Amino acid sequence: MRIQGKRVIITGAASGMGNATTNLFTNEGATVLAVDMPGPGLREKHGANPAVTTLEKDITDADAAEVIISRAVAALGGVDILVNNAGVGYNALAELTPIEQWDRVLNVNLRAMFLLCQRAIPEMKAGMWGRIVNISSVAAFRPDYGLSAYDASKAGVIGLTKTLALELGKFGITVNAIQPGPIYTGMTRNNFDQDYIRQAWERKTAVRRLGQPEDIANGVLFLCLEESSFVTGHALVVDGGQTLRM
Ligand SMILES: NC(=O)c1ccc[n+]([C@@H]2O[C@H](COP(=O)([O-])OP(=O)(O)OC[C@H]3O[C@@H](n4cnc5c(N)ncnc54)[C@H](O)[C@@H]3O)[C@@H](O)[C@H]2O)c1
């Protein structure tokens, strides 16, 4: 019960890291507004959990930030913690990337995150306490071919996180990012279910395994603890040592 009574918003909560973080946070005593795209996924995952309120909402909708924060205030009574986890990728060389795909990736991964932070800030300031955790990626500093939109969005997340940390520290609000390495989730399952791809990535890590969504949830929880109040503007790499080597 390390975050007993905290009121939490988690985006992308129907799958992967967002699902694991929702489960861990409610086990630790929080109430959660779980947000994901319209569809049965959210209800299937969290419908039976009395500590979870589900909200089917595309975070890139024009009214998304307002709808999500208002629902959190109505259902939970306020917002103490915001976990900006929802994300999408797109794979094509830069010169072949349609602007519509660039915009989609930047809108989900960075623009919607900014708007949610912006709308959550007054709610956190009211209590002079808050935690914002933004999910970036090791791709922010270790880019790859064909990921120009994704890499740019995840580097942008780090910049946004650090600026918000500076602006909000005096209100008792910390803002941190997590940079996951290879994690077995809905986003990566198609690749990692192929033995030769999974084994190659396992060998790239120091700990010789893929990450699980719970590995990231544990990192998010750490950044939300009372004991972490002196950690802000940090980007925590959770990658099993994948990026240590040249
Ligand atoms: N899996 C990895 O190896 C890895 C590595 C580094 C970073 N990440 C990042 O981790 C985060 C979580 O991804 P995951 O791996 O758990 O993937 P996932 O696909 O399993 O989960 C992402 C969730 O976000 C939701 N989502 C996407 N767009 C949305 C939108 N517009 N509105 C509302 N919900 C939306 C999806 O429906 C999905 O449920 C993402 O930001 C991703 O970029 C993943």
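Look up a bit, the structure's there.
1. Details of the packing of helix H1 (residues 16-27) against helix H8 (residues 213-224)
For the pair H1 and H8, interaxial distance at closest approach is 8 Å and the crossing angle is 55°. Classified by the angle their axes make, H1 and H8 are oblique. For H1 against H8, the interelement crossing comes out right-handed. Residues Gly16, Met17, Asn19, Ala20, Thr21, Leu24 and Phe25 of H1 lie in contact with H8, whose contacting residues are Pro213, Glu214, Ile216, Ala217, Val220 and Leu221. When its residues are assigned to classes, the contact of H1 with H8 shows nine nonpolar, three polar and one charged.

2. Focus on the sheet that holds strand E1 (residues 7-11)
Read across the open sheet, the seven strands follow the order E3-E2-E1-E4-E5-E6-E7; overall the sheet is parallel. Lying at the two open borders of the sheet, with one neighbouring strand each, are strand E3 (52-56) and strand E7 (235-238). Averaged over all neighbouring strand pairs, the angle between strand axes comes to 15°, with direction disregarded. Pairing between strand E6 (residues 173-180) and E7: four bridges, direction parallel. The partner of Ile178 across the bridge, within E7, is Leu236. Together, strand E5 (130-135), E6 and E7 form the strand contacts of helix H5 (residues 148-168), whose direction differs from that of E6 by roughly 160°.

3. Some details on the site of the ligand
If you check the shell around the ligand, you find 26 residues, and the closest are Gly12, Gly16, Gly87, Thr185 and Gly186. Considering each element in turn, the shell around the ligand owes the most residues, three residues, to H1.

4. Some remarks on H5
With 21 residues, H5 extends 30 Å between its outermost C-alpha atoms, agreeing within 8% with the 30 Å of an ideal straight helix rising 1.5 Å per residue. Inspection of H5 places Ser148, Ala149, Tyr150, Asp151, Ser153, Lys154, Val157, Leu160, Thr161, Leu164 and Leu168 among the buried residues, and these make up the whole buried set. Residues of H5 that are buried make contact with helix H4 (99-127), E5, E6 and E7.

Conventions used here
Going along each chain's sequence as written, the residues are numbered from 1 onward. The predicted nature of this model means local features are confined to residues of pLDDT at least 70 and side-chain atom pairs, given and counted, to a pLDDT of 80 or more, with totals for whole chains, interfaces and linings taken over all residues. The convention used is that axes are lines fitted to C-alpha atoms, helices contributing only their stretch in contact, and that angles between N-to-C directions extend from 0 to 180 degrees. Numbering of helices and strands starts at the N terminus; helices are DSSP runs of H or I of at least 4 residues and strands are runs of E of at least 2. Orientation is classified from the angle alone, with under 35 degrees giving roughly parallel, over 145 giving roughly antiparallel, 65 to 115 giving roughly perpendicular, and any other angle giving oblique. Put simply, a crossing is left-handed when the front helix is turned counterclockwise from the back one by less than a right angle, and right-handed when it is turned clockwise. In this description, a residue-residue contact is defined by the distance between C-beta atoms placed from the backbone, which must lie within 7 Å. Following the grouping adopted for this structure description, the nonpolar residues are Ala, Val, Leu, Ile, Met, Phe, Trp, Tyr, Cys and Pro, the charged ones are Asp, Glu, Lys and Arg, and the polar ones are all others, Gly among them. Two strands make a pair as long as DSSP finds a minimum of two bridges between them. For each residue, a C-beta atom is placed from the backbone, and the residue counts as near a molecule or strand when that atom lies within 6 Å of it. To estimate how far a helix should extend, the number of its residues minus one is multiplied by 1.5 Å. Burial is judged by counting other C-beta atoms within 10 Å of a residue's own C-beta: 20 or more means buried, 12 or fewer means exposed, and anything between counts as partly exposed, with every C-beta placed from the backbone.

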